[in-house]
Amino acid sequence: MRIKHLLLGGLLCVAAMVSAHDFTVVIDAGHGGHDAGAVGKSGLQEKDLNLQVSRMLADSIKNVFPEVNVLLTRSTDVFIPLQGRADFVNRNDADLFICIHTNAAENRSACGAETYILGTDRM
């Protein structure tokens, strides 16, 4: 159910911004390759869940907004350095960059989402 909420949130972000056919969304599945990210008690690795959610979000955006160019920074289990991810976003002139992470917490009741937005007014 939480994945569905994340996907819906991603779709709403895209819907709010799409006004032209030249719109590009880059989705980044955090971690990958030798960088597993958080590892659950079951052995589930964050990198794998991030990739699964990123693919689902990309498919959802493509289905609802077929005119939007949707790109993934990675579509397999490979490691991409942070600069490589930034270079990919800039090289593709992305209008929206969504980075997927599924963080862990010691507190089992912790839930929710974190959102970071880059403000360019002070750059």
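Above: the structure in question.
Residues numbered from 1 in each chain as written. Predicted model: local features only at pLDDT ≥ 70, side-chain atom pairs only at ≥ 80, totals over all residues. Heavy atoms only, no water.

Student: What is the right way to look at the nonpolar core in this model?
Tutor: Generally speaking, soluble globular proteins have nonpolar side chains that are buried together. Membership of the largest hydrophobic core comes to 13 residues, with the highest contact counts inside it found for Val 25, Ile 27, Ile 61 and Val 68. Residue assignment for this core shows that the elements contributing at least two residues are strand E1 (24-29), helix H2 (46-64) and strand E3 (96-100). Broken down by element, the residue count for this core peaks at 4 residues, all from H2. (Core = buried A, V, L, I, M, F, W, Y, C linked by side-chain atoms within 4.5 Å. Buried < 20%, exposed > 50% of the residue type's maximum accessible area, 1.4 Å probe, protein only. Helix = DSSP H or I, 4+ residues; strand = E, 2+ residues; numbered from the N terminus.)

Student: Looking at this model, I keep getting lost on the pattern of salt bridges. Mind explaining?
Tutor: Two side chains bearing opposite charge may form a pair once their charged atoms approach each other closely. With the rule as written, the count across this model stands at 2 salt bridges. For Asp 28, the salt bridge is made with Arg 85, and the minimal N-O distance between the two is 2.5 Å. Of this pair, Asp 28 sits in strand E1 while Arg 85 sits in helix H3 (residues 82-91), and the two are 57 residues apart along the sequence. Each member of the pair, Asp 28 as well as Arg 85, is classed as buried. Where Lys 47 meets Asp 77, a salt bridge forms, and the shortest distance between an N and an O atom there is 2.9 Å. Here Lys 47 is found in helix H2, whereas its partner Asp 77 is found in the loop between strand E2 (69-72) and H3, with 30 residues between them in sequence. (Salt bridge = Lys/Arg side-chain N within 4 Å of Asp/Glu carboxyl O.)

Student: Help me understand H3, please; the structure alone is not making it clear to me.
Tutor: Along H3, the residues that are buried comprise Arg 85, Phe 88 and Val 89. Along the axis of H3, the buried positions cluster into a sector of 95°, meaning they face one direction only. Facing away from the buried side of H3, by more than 90 degrees, are the exposed residues Gln 83, Asn 90 and Arg 91. Packing partners of the buried residues in H3 comprise E1, E2 and E3. With its phi angle positive at about 50°, Asp 93 sits one or two positions after the end of H3. (Arc of directions from axis to C-beta. Contact = heavy atoms within 4.5 Å.)

Student: Is there a simple way to think about the sheet that holds E3 in this case?
Tutor: Where strands meet in a sheet, backbone hydrogen bonds hold them as pairs that are either parallel or antiparallel. Across the sheet, 3 strands lie side by side as E2-E1-E3; this open sheet has parallel pairing. Of all strands in the sheet, those with a lone pairing partner are E2 and E3, marking the two edges. Geometrically, the sheet is characterised by an average inter-axis angle of 20° between neighbouring strands, direction not taken into account. Here E1 runs beside E2; their pairing, made up of 4 bridges, is parallel. In the sheet register, Val 25 faces E2, and the bridge partner there is Val 70. Docked against the sheet, H2 engages E1, E2 and E3, running at close to 160° with respect to E1. Strand contacts of H3: E1, E2 and E3, with the helix running at about 165° to E1, the strand carrying the most contacts. (Pairing = 2+ DSSP bridges. Axes fitted to C-alpha atoms, helices over the stretch in contact; angles between N-to-C directions.)

Student: Looking at this model, I keep getting lost on the side chain of Ser 54. Mind explaining?
Tutor: Along the chain, the position of Ser 54 falls in helix H2. What Ser 54 contacts, discounting residues up to four positions off in sequence, is Ile 27, Asp 28, Ala 29, Leu 72 and Ile 100.

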